[in-house]
Amino acid sequence: MDDDAPLTLPALGERVEAVSALYARKFDVERDADWFMLKLTEEVGELTQAFLVATGRTRPRGAPEGSAPDGEMVPDGAASPLADEVADVLAHLLLLARSQGVDVEAAVRRKWLAWEAELP
């Protein structure tokens, strides 16, 4: 697969679904309607934590051995970059939409892009 090729939402949704299905098989996870919603909620919580770290609004915590020099303090979740959590939330949102039969492109066009006509 050409990872530098532009992604469309449908193509991204297909690829994310394939990876999620692999994960479910590998770890014996039942992906029912509740799982898709609860997993998205979990990932939004992790995104919130990463955002707090990235914006310096969380308490410092001692670093695990070897991850920071001589006990230097690092913020909670510092090993998990904000970008990774944004990716997780987007992927799980696409999975939830797919599981519920939501056409994300059509919904965004109807709900958001319809307002473009009023832009200067």
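See the structure above.
Note that this is a predicted model, so its numbers are computed, not measured.

The next subject is unusual backbone geometry. In the Ramachandran plot, Asp28 falls in the positive-phi region, its phi being about 50° despite a non-glycine side chain. Locating Asp28 in the fold gives a position in the loop between α1 (9–27) and α2 (33–54).

On the surface, a nonpolar cluster with roughly 290 Å² of combined accessible area is contributed by Phe51, Leu52, Leu82 and Val86. Secondary structure elements with two or more residues in the nonpolar patch: α2 and α3 (82–99). Tracing the backbone through its elements, the reader meets Val86 in helix α3.

Estimated volume of the largest pocket: approximately 250 Å³. Around the largest pocket, the lining comprises 13 residues; the ones closest to its centre are Val16, Val19, Ser20, Ala91 and His92. At the level of secondary structure, the elements contributing two or more residues to the lining of the largest pocket comprise α1, α2 and α3. Counting residues per element, the lining of the largest pocket draws most heavily on α1, which supplies six residues. Its residues assigned to classes, the lining of the largest pocket shows eight nonpolar, two polar and three charged. Roughly 200 Å³ of volume is contained in the second largest pocket.

Looking now at the packing of aromatic side chains. In this structure the tally under the stated criterion is two aromatic pairs. With a centroid separation of 5.0 Å and an interplanar angle of 50°, the aromatic rings of Tyr23 and Phe27 are classed as tilted. With a gap of four residues between them, Tyr23 and Phe27 both fall in helix α1, about one helical turn apart. Taken together, a centroid distance of 5.3 Å and an interplanar angle of 80° make the contact between Trp35 and Phe36 edge-to-face. Phe36 carries the same exposure label as Trp35, and that label is buried.

Note on placement: Glu43 falls in helix α2. Apart from residues lying up to four places away in sequence, Glu43 is in contact with Glu85, Asp88, Val89 and His92.

Parameters at a glance
Residues numbered from 1 in each chain as written. Predicted model: local features only at pLDDT ≥ 70, side-chain atom pairs only at ≥ 80, totals over all residues. Heavy atoms only, no water. Helix = DSSP H or I, 4+ residues; strand = E, 2+ residues; numbered from the N terminus. Patch = residues over 30% accessible without salt bridge, like charges linked within 9 Å, V, L, I, M, F, W, Y side chains within 5 Å. Areas by Shrake-Rupley, 256 points an atom, 1.4 Å probe, with all protein chains shown as cover. Salt bridge = Lys/Arg side-chain N within 4 Å of Asp/Glu carboxyl O. 1 Å grid on protein atoms, 1.4 Å probe; cavity = no way out; pocket = protein on both sides within 12 Å on 5 of 7 lines; lining within 4 Å. Points joined across faces, edges and corners; volume = space filled by probe spheres on them. Nonpolar A, V, L, I, M, F, W, Y, C, P; charged D, E, K, R; others polar. Phe/Tyr/Trp six-rings, centres within 6.5 Å; stacked < 30°, edge-to-face > 60°. Buried < 20%, exposed > 50% of the residue type's maximum accessible area, 1.4 Å probe, protein only. Contact = heavy atoms within 4.5 Å.

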